[in-house]
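Spelled out from the first residue to the last, the chains are:
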Amino acid sequence: MMHAPRWKKLMFAASLAVLPACGMEGSDSPESKELDPQASTEPGQTRAALTTGPASCQDIKTANPAAADGSYVLFASGDRSKPWTAWCHNMASTPAEYLSLPSTGSSANFSQYTAGYNNSGGTNVRTLFTRVRIDPSTLRVSTGDQTFSTSSGYLTHPANYPVTSMSYAAAMNCDFGNPGVGNVDLRGTPFAATPNQFVLVGSYPSGAATYSSDNQVVDLWSRGDCSWMSVQGADHPFNGRSAHLQLQYRPSTPASCQELKTAHPAAADGEYVLYVNGDVSKPWTAWCHNMASTPAEYLSLPSTGSSANFSQYTAGYNNSGGTNVRTLFSKVRIDPTTLRVSTGDQTFSTSSGYLTHPANYPVTSMSYAAAMNCDFGNPGVGNVDLRGTPFAAAPNQFVLVGSYPSGAATYSSNNQVVDLWSRGDCSWMSVQDADHPFNGRSAQLQLQYAPPPASPPQPTSGSFNYSASNTNSATQNTTPYDVTLTAGQTLSFGTCSVAGASGSGDTFLRLYAPDGSHVAGNDDACGYLSFVGFTATQTGTYRIQAGCYSSGSCNGTVAFTIQ
């Protein structure tokens, strides 16, 4: 089953209808029963990280046909760690990418043919560029494209050839007099000029190309009987004659969303790669919020669902007959410098329930990382789940507070998971300094940068046993088994057709991708037994779900191979 890239869904979900893909699903598939094939198969399932984005203006147009000419954030080779701001031109027809040049004026990003006695008494021809045409795949600038430029002056090149403009990244002179001059200035962009690509050409030439500012600035000059300094392949670089100036993406390690906005003023809200305190060895994926005004960093929580990343105040007789108040978080506000989470920020959360806290205080939501109860009855509960991120909760920062309290904060999964509970006359388990952690009252949950250890090598074959009934064709009450695949690898699994496989009854197998989408399934490959062959299109953890046809019972051994 094919799905649009997630960046397209994020950018244009409000304006595009998601159409179902065509497939060979049987009558018992989730799709035929109007189930969401991309829904988590169980609470807390981990979503795939967003790693790709639009690489070209055509990508923007494909996702949003109504997109107009203007500034958009693209990503070199689609890599979200390499954002840049493009001006998308001619979007109504054939989109073209231009790189806006923040450094402008009479002495920046210009090329000049300096007039002399061989030019029939003309005047210097100078062309100023505000944007240059760039190929988003190769990062080559077409120096002859003058769409966003202005020119002044007029001269006659030897052999009576009129000159009215100059190509980008060139300097020219034809009389041994005042030199031709030029400038390339890429400051304010994430690009630099590749070294050693300028050449001196012509009759009795002299000149230079001087790089500075980490190769983001190149100053040019040339003088001779008739000569020019320009990129290789530029034959008489005037009047739109073109060559290619090779740029390279300069590795950057932004530590905050504000740094991204400073470098890319047109950057929209979305996921970007940041680096803890600018350390290249500590990348993490941030959701940059409110980029049009004051950027704020949020940490997306891959583990979501009713039992992951939630806080609950469990209602009791002291709460005037209310209902449990539970708040689910999909993102939390994080300070990118201190790595402290503001537990009271509920920008990306949903809450349910209502109760009255003793002293007639209405409660409609809970702060992150908290569990609360006020009647010695069913405990308040909560969960912190940082799996899928490079962060863990700092140890020993949860405290039990209140009247006659009992409770615990249990760390697991390398401190990436913390399960909370609390019960008492009125008590809560939360981070230190959380005073009644409800209705947006905030404290600071300290995180640590602690990427999980590398996974051990994955087996290339294996098996698991299961026995099941009433699985609704492998959509409920199933036995799950996770395998890790690299894009291009082929997974074969079944209760038949694989060495060691067996089954009894009418088996049904399904496979779900790292993003939770249903990608393959089979019922009767070998009589009543099942077999699936699938080639991975993305790298990550896939889930096999073993069940039975319809509501029947079955059992077996699911064997698999990875090639």
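Per-chain numbering applies: the sequence of each chain, read as written, is numbered from 1 onward. Whole-chain, interface and lining totals are the exception, using all residues; otherwise, since this is a predicted model, local features are given only for residues with pLDDT of at least 70 and side-chain atom pairs are given and counted only at 80 or more. Note: side-chain values were computed over all heavy atoms of the structure, leaving out hydrogens and water.

**Describing the packing of aromatic side chains**
In this description, an aromatic ring pair is defined by two values, namely the gap between the centres and the angle between the planes. When the centres of two rings from Phe, Tyr and Trp lie within 6.5 Å, Trp using its six-membered ring, the rings pair. Their planes under 30 degrees apart give stacked, over 60 give edge-to-face, and anything left gives tilted. Throughout the structure, instances matching the rule amount to 19 aromatic pairs. Ring centres of phenylalanine 75 and tyrosine 272 lie 6.4 Å apart, and the angle between their planes is 40 degrees; on these two criteria the pair is classed as tilted. Placement of the pair is phenylalanine 75 in strand 1 (residues 70-75) and tyrosine 272 in strand 19 (residues 270-275), with a sequence separation of 197 residues. Residue class for phenylalanine 75 comes out buried when judged on its relative accessible area of 2%. Cluster of aromatic residues (ring-pair linked, three or more members): Trp84, Phe191 and Tyr249. Numbering of helices and strands starts at the N terminus; helices are DSSP runs of H or I of at least 4 residues and strands are runs of E of at least 2. Burial classes follow relative accessibility: with a 1.4 Å probe on protein chains only, a residue under 20% of its type's maximum area counts as buried, one over 50% as exposed, and anything between as partly exposed.

**Some thoughts on the sheet that holds strand 18 (residues 244-249)**
Strand pairing requires that DSSP identify at least two bridges connecting the strands. Taken in spatial order, the three strands of this open sheet run 7-18-13, and their pairing is antiparallel. The open sheet has two free edges, formed respectively by strand 7 (140-142) and strand 13 (191-193), since each of these has just one partner strand. Between one strand axis and the next, the sheet turns through 40 degrees on average, direction left out of account. The pairing of strand 7 with strand 18 spans three bridges and is antiparallel. For valine 141, the partnering residue across the bridge sits in strand 18 and is leucine 245. Axes here mean lines fitted to C-alpha atoms, for a helix over just the part in contact, with angles spanning 0 to 180 degrees between N-to-C directions.

**With respect to the pattern of salt bridges**
Think of a salt bridge as a Lys or Arg side-chain nitrogen and an Asp or Glu carboxyl oxygen that are within 4 Å of each other. This model, assessed by the stated rule, comprises six salt bridges. With a closest N to O distance of 2.7 Å, arginine 187 and aspartate 185 form a salt bridge. What makes aspartate 185 buried here is its relative accessible area of 3%. The salt bridge partner of aspartate 482 is arginine 543, with a shortest N-O separation of 2.8 Å. With a gap of 61 residues between them, aspartate 482 in strand 38 (residues 479-485) and arginine 543 in strand 44 (residues 540-548) connect regions that are remote in the sequence.

**Things to note about the confidence of the model for the protein chain**
pLDDT runs from 0 to 100 and stands for how confident the predictor is about each residue. Per-residue confidence for the protein chain gives a mean pLDDT of 86; residues scoring 70 or more make up 89%. Here a residue-residue contact requires only that any non-hydrogen atoms of the pair lie within 4.5 Å. Scored below 50 in pLDDT, residues 1-50 makes 92 contacts in the model with residues more than four places away or belonging to other chains.

**A short note on the nonpolar core**
Counting residues in hydrophobic clusters, the biggest one holds 35 residues, and the most contacted among them are Trp284, Leu299, Tyr368, Phe398, Leu445 and Leu447. Contributing elements (two or more residues each) for this core: strand 1, helix 3 (257-263), strand 19, strand 20 (283-289), strand 31 (391-393), strand 34 (417-423), strand 35 (426-431) and strand 36 (444-449). The element that contributes the greatest number of residues to this core is strand 20, accounting for three residues. Dropping the residues within four chain positions of it, leucine 299 is found in contact with Trp284, Thr285, Ser330, Lys331, Val332, Ile334, Leu386, Thr389, Phe391 and Leu447. Ranked by size, the runner-up nonpolar core spans 34 residues in total, among them Ile60, Trp84, Met91 and Val132. Take the buried residues of types Ala, Val, Leu, Ile, Met, Phe, Trp, Tyr and Cys, join any two whose side-chain atoms come within 4.5 Å, and each joined set is a nonpolar core.

**A word on a nonpolar patch on the surface**
Patches in this entry comprise residues that are over 30% relatively accessible and not in a salt bridge; like charges within 9 Å are linked, as are nonpolar side chains (Val, Leu, Ile, Met, Phe, Trp, Tyr) within 5 Å. Residue-level accessible areas treat just the shown protein chains as cover; the underlying method is Shrake-Rupley with a 1.4 Å probe. On the surface, Tyr117, Phe176 and Tyr204 cluster together into a nonpolar patch covering about 440 Å² of accessible area. Secondary-structure assignment places phenylalanine 176 in the loop between strand 11 (170-173) and strand 12 (180-185). You can call phenylalanine 176 partly exposed: its relative accessible area is 46%.

**Some remarks on the sheet that holds strand 24 (residues 331-333)**
Taken together, four strands build an open sheet; the order of strands is 19-20-21-24 and the sheet is antiparallel. Since the sheet does not close on itself, it has two edges, and those belong to strand 19 and strand 24, each with one partner. Across this sheet, the average inter-strand angle for adjacent strands is 45 degrees, counted without regard to direction. Note: strand 20 against strand 21 (residues 296-300), four bridges, orientation antiparallel. Paired with tryptophan 287 across the strands is tyrosine 298, a residue of strand 21.

**With respect to the state of the cysteines**
Here, a disulfide means two cysteine sulfur atoms that sit within 2.5 Å of each other. All told, the structure shown has six disulfides when counted by the stated rule. Here cysteine 257 connects covalently by a disulfide to cysteine 288, the sulfurs 2.1 Å from one another. On the S-S bond that ties cysteine 257 to cysteine 288, the torsion sits near -85 degrees, and the link is left-handed. Taken as a pair, cysteine 257 in helix 3 and cysteine 288 in strand 20 lie far apart in primary sequence, 31 residues in all. Between cysteine 374 and cysteine 426 runs a disulfide, and the two sulfur atoms are separated by 1.9 Å. Taking the torsion about the S-S bond as the criterion, the cysteine 374 to cysteine 426 disulfide, at about 50 degrees, is right-handed.

**A closer look at the pairing of strand 39 (residues 490-494)**
Counting buried positions over the five residues of strand 39 gives four, a clear majority of the element. Summarising the sheet, strand 39 and strand 43 (residues 531-535) pair through five bridges and their orientation is antiparallel. Each bridged residue has a counterpart across the sheet, and for leucine 491 the counterpart in strand 43 is phenylalanine 534. Of the pairings in the sheet, the one linking strand 39 to strand 45 (residues 553-562) comprises four bridges and is antiparallel in character. When the sheet's bridge partners are listed, serine 492 is paired in strand 45 with threonine 561.

**What about the environment of glutamine 246?**
Checked against the element boundaries, glutamine 246 lands in strand 18. For glutamine 246, a relative accessible area of 22% corresponds to the partly exposed category. Contacts of glutamine 246, omitting those with residues within four sequence positions, involve Thr138, Leu139, Arg140, Ala192, Ala193, Thr194 and Gln197.

**Observations regarding the pairing of strand 44**
It is a general feature of regular strands that their side chains alternate between the two faces of the sheet. Counting buried positions over the nine residues of strand 44 gives eight, a clear majority of the element. Of the pairings in the sheet, the one linking strand 38 to strand 44 comprises seven bridges and is antiparallel in character. Paired with aspartate 482 across the bridge in strand 44 is arginine 543. One ladder, built from six bridges, connects strand 41 (residues 507-512) with strand 44; its direction is antiparallel. Bridge pairing in strand 44 places phenylalanine 508 opposite glycine 547.

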